[in-house]
Amino acid sequence: MKHPVDVHVGKRVRHRRWMVGMTQQQLAEKVGIKFQQIQKYETGMNRISASRLWDIAEALSVPVAYFFEGMTGAEDEGQVAANTQGLPGDILADKEALELVRSYYAIPENQRRRLFELARVLSDAAA
């Protein structure tokens, strides 16, 4: 049976890998394992050891703590990272949302700030 923490950590691995534009094969090569193992980690089917998580964090350029962000004491994985704005608890599971975030960070910082302000104004107008 999958443990909710393993599922959460696996999702965070998948999200970060996708955000940096890395395939499962590329991550597996950087970590020194087969891509099938990455698949099992990302689904929570296999638990990631501490040393392997360290290697994955280095390969994805994030601190190990990144993989635990959003964890609460919730028993139900669907409750993890839920927010109060009516958004799904796992908004980054939505491919469109991930693509939007990736595109956003590809924009130069000064333009990105202006786009952010525009989005804020538009969302306030819609409320």
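Let us look at the structure shown here.

About the cut-offs
- Residues numbered from 1 in each chain as written.
- Predicted model: local features only at pLDDT ≥ 70, side-chain atom pairs only at ≥ 80, totals over all residues.
- Heavy atoms only, no water.
- Phe/Tyr/Trp six-rings, centres within 6.5 Å; stacked < 30°, edge-to-face > 60°.
- Buried < 20%, exposed > 50% of the residue type's maximum accessible area, 1.4 Å probe, protein only.
- Lys NZ or Arg CZ within 6 Å of the ring centre and 35° of its normal.

Things to note about the packing of aromatic side chains
And step 1. Summed over the entire model, instances satisfying the criterion amount to two aromatic pairs.
And step 2. Centre to centre, the rings of Tyr66 and Phe67 are 5.4 Å apart; their planes meet at 85°, and the pair counts as edge-to-face. Taken as a pair, Tyr66 and Phe67 share a single burial class, namely buried.
And step 3. Ring plane angle 85° and centroid distance 5.1 Å describe the contact between Tyr104 and Tyr105, whose orientation is recorded as edge-to-face.
And step 4. Judged by relative accessible area, which is 22%, Tyr104 ranks as partly exposed.
And step 5. With a relative accessible area of 52%, Tyr105 lands in the exposed category.
And step 6. For the cation-ring pair, Arg12 lies above Tyr66, with the distance from its terminal atom to the ring centre recorded as 4.0 Å.
And step 7. One Lys or Arg, Arg112, reaches over the ring of Tyr104 and ends 5.7 Å from the middle of that ring.

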